[in-house]
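# Residue-level structure breakdown
The residues making up each chain are set out below.
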Number of protein chains: 4
Amino acid sequence: MPISNFDPGDTPGYIYERMADHIATRINAGELAPHKPLPAERRLAEEYGVSLGTARRATELLRERGLVVTLRSKGTFVADVRGEKKCYPPTGESTGQPESDPWGGEPPLIA
Amino acid sequence: MPISNFDPGDTPGYIYERMADHIATRINAGELAPHKPLPAERRLAEEYGVSLGTARRATELLRERGLVVTLRSKGTFVADVRGEKKCYPPTGESTGQPESDPWGGEPPLIA
Amino acid sequence: MPISNFDPGDTPGYIYERMADHIATRINAGELAPHKPLPAERRLAEEYGVSLGTARRATELLRERGLVVTLRSKGTFVADVRGEKKCYPPTGESTGQPESDPWGGEPPLIA
Amino acid sequence: MPISNFDPGDTPGYIYERMADHIATRINAGELAPHKPLPAERRLAEEYGVSLGTARRATELLRERGLVVTLRSKGTFVADVRGEKKCYPPTGESTGQPESDPWGGEPPLIA
DNA sequence: GTGGTCTAGACCACC
DNA sequence: GTGGTCTAGACCACC
């Protein structure tokens, strides 16, 4: 099912920019919570009805804005922007659990 | 190989208009069939020995005449003008996914 | 729709080996003709109900057997094994441009 | 004619990186002199036997390295790196000549 | 099974 | 006639 409230063909601005804004809104609304993975780029492309390259530019923009963090071969995750007190572990060794969360050492907010 | 029967330098009127007329004739003759793509802008420009801008104005003219339909990044396609009774639904509900064929609901002419 | 006549869970040997054998049979039966592309990796994985990695090992095996040729970003194509007398020149001078058809110099079988 | 001494298929590293390095060498060798335009991206893609996207990533890399300057709709030009004393005109108005050189106010080095 | 690189093109904005 | 955006895919590296 495609995303509602998103019609890239009828509005000004670049499609990838509008798509990034739309995802940013979903993040800010809490639909996509911190530490949770975004849908995969292929899935995002399907949902938004755009090509893979356009979906990738959208996530690239979100990355530049600091809203998401991408881990190669793992996925793209919503950043934790609570009060800017975030501190990445300096030499974080795996805790042994399946590495699907780049902030593995923290208590989750929702799940 | 440039298009034969087309010498823009020797006749009155805008070149792009004569070029559009020439393509329209090819469409009406069936050389360019409904739903088939026109040559790309650059290729049209080469074939007719004109600049890109001129080729674009020619296809723009064909678009205004309803002879072709352009889909961004896909191409420009010969319109289906059988009987002129084609009527797009005024508030047509989208099927959700971008149509790769602007005449998707019709029985195919060729395939 | 998954491939019929293929139930990897019920037979001995590696799944990717059985999958490669199955595709090899389709090639030998002419269902997948020389110079024609195999389904893409993801599609093969879906059709056979296996993971991407398994599908890749299967095509890798076919590649080692000389049954297919892979061109990056282009696809994997059924090799032409007529008479086995095909012999690539050992220090073949490149024509300078990347071949879009690895059998470019031969008379086409289909087109 | 494709560029000699460039075989992207047989060496490590990304194609666009190797392509950028190759162009950088041509710049440093003086073959592509300061203020002169690079071949257009389409032409570069043909010369190097790569796709347009790859050629664009190569010029993007050269831009990041400060070796070239790109002007939209004008072209990509070899930067002038003589002694770092380069100073862009603050409110440069056109001098009236065809704007094919982003450093129009300077005496040319070669041409 | 993800993100990454790459192909081979298209039309678009701007000059 | 350039660079820019975009399509619709492919295989690759890595996990």
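Residues numbered from 1 in each chain as written. Chains lettered and ligands numbered in written order. Predicted model: local features only at pLDDT ≥ 70, side-chain atom pairs only at ≥ 80, totals over all residues. Heavy atoms only, no water.

### Quick notes on the protein's contact with DNA strand F
- In the vicinity of DNA strand F there are 37 residues, among which Tyr16(A), Thr54(A), Arg42(B), Lys74(B) and Arg56(D) approach most closely.
- Close to the protein, within 4 Å, the atoms of DNA strand F are drawn from sugar and phosphate at a rate of 70%.
- Here a phosphate oxygen of DNA strand F and a side-chain polar atom of Lys74(B) are 2.6 Å apart.
- At the level of elements, α1 (15-28) and α3 (52-64) of chain A, α3 (52-64) of chain B, α2 (41-48) and β2 (75-78) of chain C together with α2 (41-48) and β2 (75-78) of chain D are the ones that each hand at least two residues to the surface near DNA strand F.
- For the surface near DNA strand F, the per-class residue count stands at seven nonpolar, twelve polar and 18 charged. (Near = heavy atom within 4 Å. Polar contact = N/O pair within 3.5 Å; in protein donor to acceptor, adjacent residues only side chain to side chain. Helix = DSSP H or I, 4+ residues; strand = E, 2+ residues; numbered from the N terminus. Nonpolar A, V, L, I, M, F, W, Y, C, P; charged D, E, K, R; others polar.)

### So, the environment of Ser73(C)
- Along the chain, the position of Ser73(C) falls in the loop between β1 (68-71) and β2.
- Residues Ser73(C) and Gly30(C) lie 43 residues apart in sequence; the distance between their C-alpha atoms is 25 Å.

### Let's talk about the protein's contact with DNA strand E
- The environment of DNA strand E is formed by 37 residues, the closest being Arg42(C), Lys74(C), Ile15(D), Tyr16(D) and Thr54(D).
- Here the atoms of DNA strand E within 4 Å of the protein split so that 70% fall in sugar or phosphate, with bases taking the remainder.
- A distance of 3.5 Å separates a base nitrogen of DNA strand E from a polar side-chain atom of Arg42(D).
- Ser73(D) is positioned such that a nitrogen or oxygen atom in its side chain is 3.1 Å from a base oxygen of DNA strand E.
- Broken down by class, the residue content of the surface near DNA strand E amounts to seven nonpolar, twelve polar and 18 charged.

### A look at the packing of aromatic side chains
- Scanning all chains against the criterion turns up six aromatic pairs over all chains.
- Judged by centre distance (5.6 Å) and plane angle (10 degrees), the ring pair of Tyr14(D) and Tyr16(D) falls under stacked.
- Positioned above the aromatic ring of Tyr16(A) is the side chain of Arg57(A), whose terminal nitrogen or guanidinium carbon lies 4.9 Å from the ring centre. (Phe/Tyr/Trp six-rings, centres within 6.5 Å; stacked < 30°, edge-to-face > 60°. Lys NZ or Arg CZ within 6 Å of the ring centre and 35° of its normal.)

### Section: the pairing of strand β2 (residues 75-78) of chain B
All names here are of chain B.
- Bridge analysis of strand β1 (residues 68-71) against β2 gives four bridges, and the strand direction is antiparallel. Paired with Val69 across the strands is Phe77, a residue of β2.
- Where β1 folds back onto β2 in an antiparallel hairpin, the turn is made up of three residues, including Ser73, whose phi is positive at roughly 65 degrees. (Pairing = 2+ DSSP bridges.)

### Here we look at α3(B)
All names here are of chain B.
- Taking 1.5 Å per residue as the helical rise, α3 with its 13 residues ought to reach 18 Å, and the 18 Å between its terminal C-alpha atoms agrees with that figure.
- When we look at burial in α3, the residues that qualify are Thr54, Ala55, Ala58, Thr59, Leu61 and Leu62. Taken end-on, α3 shows its buried residues confined to a sector of 150 degrees, consistent with a single buried face.
- Taken from the residues just after α3, Gly66 is the one with a positive phi, measuring 80 degrees. (Expected span 1.5 Å × (residues − 1). Buried < 20%, exposed > 50% of the residue type's maximum accessible area, 1.4 Å probe, protein only. Arc of directions from axis to C-beta.)

### Some points on the environment of Ala45(A)
Residues and elements named next belong to chain A.
- Looking at the element boundaries, Ala45 is found in helix α2 (residues 41-48).
- Ala45 gets classed as buried once you look at its relative accessible area, which sits at 6%.
- In this structure the C-alpha to C-alpha distance between Ala45 and Arg72, which are 27 residues apart in sequence, comes to 18 Å.
- Residue contacts for Ala45: discarding those within four places in its chain leaves Val50, Ser51, Leu52 and Ala55. (Contact = heavy atoms within 4.5 Å.)

### A word on a negative patch on the surface
- Together, Glu60(A), Glu64(A), Glu60(D) and Glu64(D) line one region of the surface with negative charge.
- Structurally, Glu64(D) is set in helix α3 (residues 52-64).
- Classification of Glu64(D) as exposed rests on a relative accessible area of 61%. (Patch = residues over 30% accessible without salt bridge, like charges linked within 9 Å, V, L, I, M, F, W, Y side chains within 5 Å. Areas by Shrake-Rupley, 256 points an atom, 1.4 Å probe, with all protein chains shown as cover. Salt bridge = Lys/Arg side-chain N within 4 Å of Asp/Glu carboxyl O. Lys, Arg positive; Asp, Glu negative; His and termini not counted. Charge placed at Lys NZ, Arg CZ, Asp CG, Glu CD.)

### Considering the UniProt feature "domain: HTH gntR-type" (unreviewed entry) in chain A
- On the UniProt side, "domain: HTH gntR-type" (unreviewed entry) is annotated at positions that read residues 13-81 of chain A here.
- Note that residues 13-81 of chain A is 51% helix and 12% strand, and that its end C-alpha atoms are spaced 27 Å apart. (UniProt positions renumbered as here; feature names shortened; annotations may be inferred.)

### Focus on the packing of helix α2 (residues 41-48) of chain B against α3(B)
Residue and element names in this part refer to chain B.
- Axis separation between α2 and α3 bottoms out at 8 Å; the angle between their running directions is 105 degrees. Here α2 lies roughly perpendicular to α3, going by the angle between them. The segment α2 lies against α3, with Glu41, Arg42, Leu44 and Ala45 engaging Leu52, Ala55, Arg56 and Thr59.
- Of the residues in the contact of α2 with α3, the class split is four nonpolar, one polar and three charged. (Axes fitted to C-alpha atoms, helices over the stretch in contact; angles between N-to-C directions. Parallel < 35°, antiparallel > 145°, perpendicular 65-115°, else oblique.)

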